[in-house]
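Understanding the architecture of this molecule
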Amino acid sequence: MELSILDGYDPQGLYCEMLRGSASHVIRERLAGLSIDVLKDRAAAANAELYNLGITFTIYSDARTIDRILPFDVLPRVLSAEEWRHIERGIIQRITAINLLLDDIYHDQHLLRDAVVPAELILGNRNYRPLMRGIDLPHKTYVNICGTDIVRDERGTFLVLEDNARTPSGVSYVVENRHMMLRAFPDLLDDVSLRAIDNYGAKLIAALQEVAPPGAADPQVVLLSPGSYNSAYFEHVFLAREMGVPLVEGSDLLVDDDRVFMRTTGGLSRVDVIYRRINDDYLDPEAFVPESMLGVPGLMQAYRAGNLALANAVGTGVADDKAVYAYMPRIIHYYLGEDPILPNVETHICREPKALRYTLDRLTELVVKPVGEAGGYGITVGPRASLQELDECRAKLVADPANYISQPCINLSVAPTLVDGRIEPRHVDLRPFAVTGSGTWVLPGGLTRVALQRGSLVVNSSQGGGSKDTWVVE
Amino acid sequence: MSDVLLARYADCIFWLARYVERAENLARILDVNETFSRDGHGGQNWRSIVQLNSDEERFFATHPAATAQSVVKFYVIDSANPTSIVSAIGYARENARTLRPLISTEMWVQLNVFYNRLAALSEDDLMPGRLAALFGSIKEACQTHTGITEGTFFRDQGWYFYQLGRYIERADQTTRLLDIKYHLLLPSLSDVGSPIDVSQWNAVLRSAAGGACTRPARPRPVWPVSCCSTRPFHVRCIIAYARPAGCSAKSSRITRCATAMPPPKSSIACAASSERSTYRQF
């Protein structure tokens, strides 16, 4: 009897996706027939192929360009149909609430009048766009593409960590990882019924055409990219190809008489829907940052005139703000009368006196985050902080409680991962992608990111993260 | 997408084709010089390649003399030189990267792998005994590119722009080659028909992929007029290909561009490129 490659594997008491997941016996049985050497060889071949295929993000240094792949771990992460149904329902619920929230705050602001969320938190947010007030969007859909970051705690409960409602990236890796898996491990996938993910492009363009301005008979959709120097350019190409639409840059577009056109060999050609991979700030130098070379002057005029659909809509950033996140369970309840299907990570809103007292009493156990910062700045991790750091944190909290939230430390679930020729547990998260036109559809599975450093909880690609194929087994 | 082509894409397709064609021509010229021009005029032969590309100023700013070693390095692996093969394929790849929504994965992967291979070359790979194989592999990679393109490119407007770029570059290269041979290599009338003259015309023919296949059809001494019009690198032949491409692109600007190349006369040097030093980054 051959030894399984998982025989020496020890998840060290953490929740393991492979050992505890109800559907992962499918993959465990198949892995039993593979030796670690075969696994290593095929993993090396798969990563080399990603490089050749140019499935890379590009780093530009002084003199040369460096193409990096997002390291691909060949051991898939498996979700059962029941687990997926739960996640899918939770995401649809959440996006429905987010779209209702956005429509409300740019129209009548019932939520603020009923004091569910403090008004200054919304209206004073730097991602709140006053020029969106009073604009009626088709199907009241603001967030057409959403990537919700989900983690799993020690007990296996799925929790939402972050709503990415602006321009979430990573979906190209979901599809490319599956293709790579099919090429490198056809034997692992033999006779396994996986939910297909090939129809993402078809679902996306259908949703984008649904939100086209009324009157556009056969709406022309384009994808607007900052250009081939952008680190996510591979994904922009992928999406344009999958949808069969032109991949444009700002200089390809112009606005005339509040209508948007692209420059083609046959002259100007009308554009109805733009899936933009450019932040609000750079979309239109006339409306936002005047120095922007990436955007199109006059775009917002065309948008306000109802001659153009933008996906995602302008001003969605207010919904994925850290401070607003803390109120999301209440927001879901306010608009839908339901409890959240996917809970938040327990979050204490320090602007509320009770939560502030709780936070100050348990500073050594909690993570304290400023709400206005991004990228991990200003975070105090209680269990790892020095006495001095804790004192500083305490002083800041007392001085400006409204600027902080606190959360317990979550021990993310792990999955067996091939590292340096051995199988070791590594922390993972999950980013499913949801597409919304008139209704919401969620791509089965999503992007599983894995922290390749031992003990690290950081899964970001910029900080040594990799990714795994994510299976939803029937 | 066939009826709507972004103007920027048309530009990228045109230049993608030009850069690959340019790299192939350059590899052929260097290969021929390396293999067949090692004679008493060696120094002049290598210098003529620098002149062919109008690179004298830049080349001699950093190199004291045009030797086999310095010229080959300058034109194969010097990524600081925009007219090197590695630069041409690098620009072709950047254009292909922009064009990825339009081109096949095979086209992209082949160029990506090709470029990565060229970028990894060092001076060791340019040792005399290895050069013929290297040039052979570069030419083959360029021809693989055109083969994949022929097999997978949509026959829409983009195809015409590809053809246009390819043939204009070829016409440019051929006329430069003839120009250099006529004016620079053999300045004296009394040398016409001499052994060295014949050997240089042979090198020209080989540079333009015409060596072996021309002679059976023309069992006479090699001579300028024997650059017969059915050969793929013949200027008249090239213009004949390019003109319908320009017309089909339905753009008067393009047609003008295609016909801007002077028609070939029996005086061979006349068509010396109207587009000297045309290279852009991408």
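Everything below is about the structure shown above.
Below is a summary of the structure that appears in this document. (Residues numbered from 1 in each chain as written. Chains lettered and ligands numbered in written order. Predicted model: local features only at pLDDT ≥ 70, side-chain atom pairs only at ≥ 80, totals over all residues. Heavy atoms only, no water.)

This part takes up the interface of chain B and chain A. Where interface size is quoted, it is often the accessible area lost as the parts come together. The interface of chain B with chain A comprises 24 residues on the first partner and 25 residues on the second. Of all residues in chain B, the largest losses of buried area upon contact with chain A belong to Arg8, Arg97 and Arg100 of chain B, amounting jointly to 26% of the total for that side. Taken together, the connections running from chain B to chain A amount to 2 salt bridges. Two residues, Asp252 of chain A and Arg8 of chain B, come together in a salt bridge whose shortest N-O distance is 2.5 Å. There are 14 residue pairs in polar contact (both at pLDDT 80 or more) connecting chain B and chain A. Counting only elements with at least two residues in the side of chain B that touches chain A, the list comes to α1 (7–36), α5 (85–98), α6 (105–119) and α8 (157–185) of chain B. Top element by residues in the side of chain B that touches chain A is α6 of chain B. It accounts for 6 residues. Of the residues contributing to the side of chain B that touches chain A, the split by class is 14 nonpolar, 6 polar and 4 charged. (Contact = heavy atoms within 4.5 Å. Buried area = accessible area lost by both parts, 1.4 Å probe. Salt bridge = Lys/Arg side-chain N within 4 Å of Asp/Glu carboxyl O. Polar contact = N/O pair within 3.5 Å; in protein donor to acceptor, adjacent residues only side chain to side chain. Helix = DSSP H or I, 4+ residues; strand = E, 2+ residues; numbered from the N terminus. Nonpolar A, V, L, I, M, F, W, Y, C, P; charged D, E, K, R; others polar.)

Turning to helix α3 (residues 36–53) of chain A, a few remarks are in order. Working note: α-helix, 3.6 residues per turn, so residues spaced by three or four point in the same direction. The end-to-end C-alpha separation of α3 of chain A is 25 Å, in line with the 26 Å expected for 18 residues at 1.5 Å each. Once α3 of chain A ends, the next one or two residues include Gly54 of chain A, with phi positive near 70°. (Expected span 1.5 Å × (residues − 1).)

Here the focus is the environment of Ala203 of chain B. All names here are of chain B. By the element assignment, Ala203 lies in helix α9 (residues 195–207). Under the relative-accessibility criterion, Ala203 is labelled buried at 11%. For the pair formed by Ala203 and Val32, sequence separation is 171 residues and the distance between their alpha carbons is 6.3 Å. (Buried < 20%, exposed > 50% of the residue type's maximum accessible area, 1.4 Å probe, protein only.)

Glancing now at the packing of α5 of chain B against α6 of chain B. Residues and elements named next belong to chain B. Packing of α5 against α6 leaves a shortest axis separation of 9 Å and a crossing angle of 150°. Considered as vectors, α5 and α6 are oriented roughly antiparallel to each other. Note that α5 runs across α6; the crossing there is left-handed. Contacts from Ile85, Val86, Ile89, Gly90, Ala92, Arg93, Ala96 and Arg97 in α5 reach Trp108, Leu111, Asn112, Phe114, Tyr115, Asn116, Leu118 and Ala119 in α6. When its residues are assigned to classes, the contact of α5 with α6 shows 11 nonpolar, 3 polar and 2 charged. (Axes fitted to C-alpha atoms, helices over the stretch in contact; angles between N-to-C directions. Parallel < 35°, antiparallel > 145°, perpendicular 65-115°, else oblique. Left-handed = near helix turned anticlockwise from the far one by under 90°.)

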